[in-house]
Amino acid sequence: MHFALRPSDSLLPRASNAASILFRSRAANHANPRTAQPDLARLYATYRDVGGDSKASGASSSRPKKRGVGLLADDGRYEWGDLTGREKVARATQQSINFAVVCVGAVLTGGVFYLLWTEIISPNSKTWQFEKAVERIKDDPRCTAVLGERGKIAAFGDSTGSRWSRNKPIATTIEKDSLGREHMKLSFHVEGPLNSGVVHVHLLKPHDSYEWEYLLLALDVKGHTRIVLERRTEKNPLSLLGVRWR
């Protein structure tokens, strides 16, 4: 019996390439015998590299890919049921940290908005009352006659004595009287083209109201009589047998 050996299809291209390279190298050797040794070395190196690349690619394809699930790296591609116990702990810890960061950010944002409302935007804030008092001074003809033109009147707080501090805070005190009512007192400076002066503001918040009411709004300018824009005498409650009657 005769058995015909059929070469593998994958080896045919390599064999033909090798034969062609060997044929060209022999032809070149007859022309120049000195180049024979480098051509054979180049042929060996070429086939060695091809074999090495195939082995490396097979090893890399058979090697399992590392899953990116950790405390600092979790791409979320794997479901909870596919994770190991260690990976579940890492994902749970990472999500807890993210939730805590979100909560802290929400609290800080809420605090900023609360400060903006209570200190600047709210009608009960001292900043709003300061702006309102300044507008009252600028709108009063008696004040503009002493200070100067309305558009050139500036209002500012007390100097801090530091040349690095640009903001001058408004002198403000808030306190409660014996009846539990809140009193706010403001004092700030105004300056115009003609003169400068000091504005005094005294506000009261009754129990039955959320808005401040003027007890005093006056402007003092050196060399001039005090200009009173608002003055209300506070009525003291009657006292009879130790009981106060309003």
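The rules behind the values
Residues numbered from 1 in each chain as written. Predicted model: local features only at pLDDT ≥ 70, side-chain atom pairs only at ≥ 80, totals over all residues. Heavy atoms only, no water. Helix = DSSP H or I, 4+ residues; strand = E, 2+ residues; numbered from the N terminus. Buried < 20%, exposed > 50% of the residue type's maximum accessible area, 1.4 Å probe, protein only. Contact = heavy atoms within 4.5 Å. Areas by Shrake-Rupley, 256 points an atom, 1.4 Å probe, with all protein chains shown as cover. Salt bridge = Lys/Arg side-chain N within 4 Å of Asp/Glu carboxyl O. Phe/Tyr/Trp six-rings, centres within 6.5 Å; stacked < 30°, edge-to-face > 60°. Lys NZ or Arg CZ within 6 Å of the ring centre and 35° of its normal. UniProt positions renumbered as here; feature names shortened; annotations may be inferred. pLDDT = per-residue confidence, 0-100. Pairing = 2+ DSSP bridges. Patch = residues over 30% accessible without salt bridge, like charges linked within 9 Å, V, L, I, M, F, W, Y side chains within 5 Å. Core = buried A, V, L, I, M, F, W, Y, C linked by side-chain atoms within 4.5 Å. Expected span 1.5 Å × (residues − 1).

J.: Quick one: what's the story with the overall build of the protein chain, residue by residue and with numbers?
T.: Of the regular secondary structure elements, the protein chain holds five helices and eight strands. Relative to its full complement of 246 residues, the protein chain shows a buried share of 21%. Pairs at least 24 residues apart make up 38% of the contacts formed inside the protein chain by residues separated by at least 6 positions. Summed over its atoms, the accessible surface of the protein chain is roughly 18,700 Å², and 58% of this surface lies on carbon and sulfur atoms.

J.: Tell me about the pattern of salt bridges, and please be specific about residues and values.
T.: Oppositely charged side chains are able to pair whenever their charged atoms sit close together. This model, assessed by the stated rule, comprises nine salt bridges. A salt bridge links lysine 152 to glutamate 149, with the nearest nitrogen and oxygen atoms 3.9 Å apart. Since its relative accessible area comes to 49%, glutamate 149 is described here as partly exposed. Note that lysine 205 and glutamate 182 form a salt bridge whose closest N and O atoms lie 3.5 Å from each other. Of this pair, lysine 205 sits in strand E4 (residues 196-205) while glutamate 182 is found in strand E3 (residues 182-191), placing the two residues 23 residues apart along the sequence. On the accessibility criterion, lysine 205 (16% relative accessible area) is buried.

J.: For the packing of aromatic side chains, give the residues involved together with the corresponding values.
T.: The final tally for this structure, using the stated rule, is one aromatic pair. The ring centre of tyrosine 214 lies 5.6 Å from the NZ or CZ of arginine 136, which sits over that ring.

J.: Before we move on, can you summarise the UniProt feature "transmembrane region" (unreviewed entry) in the protein chain with the specific residues and values?
T.: According to UniProt, the feature "transmembrane region" (unreviewed entry) maps to residues 96-117 in the numbering used here. Secondary structure across residues 96-117 comprises 100% helix and 0% strand; the distance between its end C-alpha atoms is 32 Å.

J.: Mind laying out the environment of leucine 219, listing which residues take part and the relevant values?
T.: Counting through the fold element by element, leucine 219 comes out in strand E5 (residues 213-221). Residue class for leucine 219 comes out buried when judged on its relative accessible area of 0%. Separated by 30 residues in sequence, leucine 219 and histidine 189 place their C-alpha atoms 9.4 Å apart. Excluding its chain neighbours within four sequence positions, the residues that come into contact with leucine 219 are Ile137, Cys143, Leu147, Val190, Gly197, Val198, Val199, Arg226 and Ile227.

J.: Can you lay out the confidence of the model for the protein chain for me, pointing to particular residues and giving the numbers?
T.: Do not read the predicted coordinates in detail wherever pLDDT is low. Here the protein chain averages 74 in pLDDT, while 59% of its residues score no lower than 70. Across the protein chain, helix H5 (residues 141-147) holds the top mean pLDDT of 96, while helix H2 (residues 36-62) sits lowest at 48. A low-confidence stretch, residues 1-5 stays under pLDDT 50, and its non-local contacts, those more than four residues away or across chains, total zero contacts.

J.: Summarise the pairing of strand E6 (residues 227-231); cite the residues concerned and give the values.
T.: Pairing of E5 with E6, which is carried by four bridges, proceeds in the antiparallel orientation. Pairing of leucine 217 across the sheet is with glutamate 230, part of E6. Two successive antiparallel strands, E5 and E6, enclose a turn made up of five residues, where glycine 223 displays a positive phi of approximately 90°.

J.: Describe in detail a nonpolar patch on the surface, supporting the description with residues and values.
T.: Together, Val112, Phe113, Leu116, Trp117 and Ile121 make up an exposed nonpolar region whose accessible area comes to about 520 Å². Tracing the backbone through its elements, the reader meets phenylalanine 113 in helix H3 (residues 85-121). We classify phenylalanine 113 as exposed; its relative accessible area is 55%.

J.: Describe the nonpolar core, and please don't skip the residues or the numbers.
T.: One finds Phe188, Val199, Val201 and Leu219 to be the most contacted residues of the largest nonpolar core, which totals 22 residues. Counting only elements with at least two residues in this core, the list comes to helix H4 (126-139), H5, E3, E4, E5 and E6. With near-sequence residues (within four places) excluded, valine 199 lies in contact with Ile137, Leu186, Ser187, Phe188, Val190, Leu217, Ala218 and Leu219.

J.: Describe H4, naming the residues involved and giving the relevant values.
T.: Here H4 is 14 residues long and its end C-alpha atoms lie 20 Å apart, about the 20 Å a rise of 1.5 Å per residue gives. Where H4 is concerned, the buried positions are Gln129, Phe130, Ala133, Val134, Ile137 and Lys138. On its buried face, H4 sits against H5, strand E1 (154-156), E3, E4, E5 and E6.

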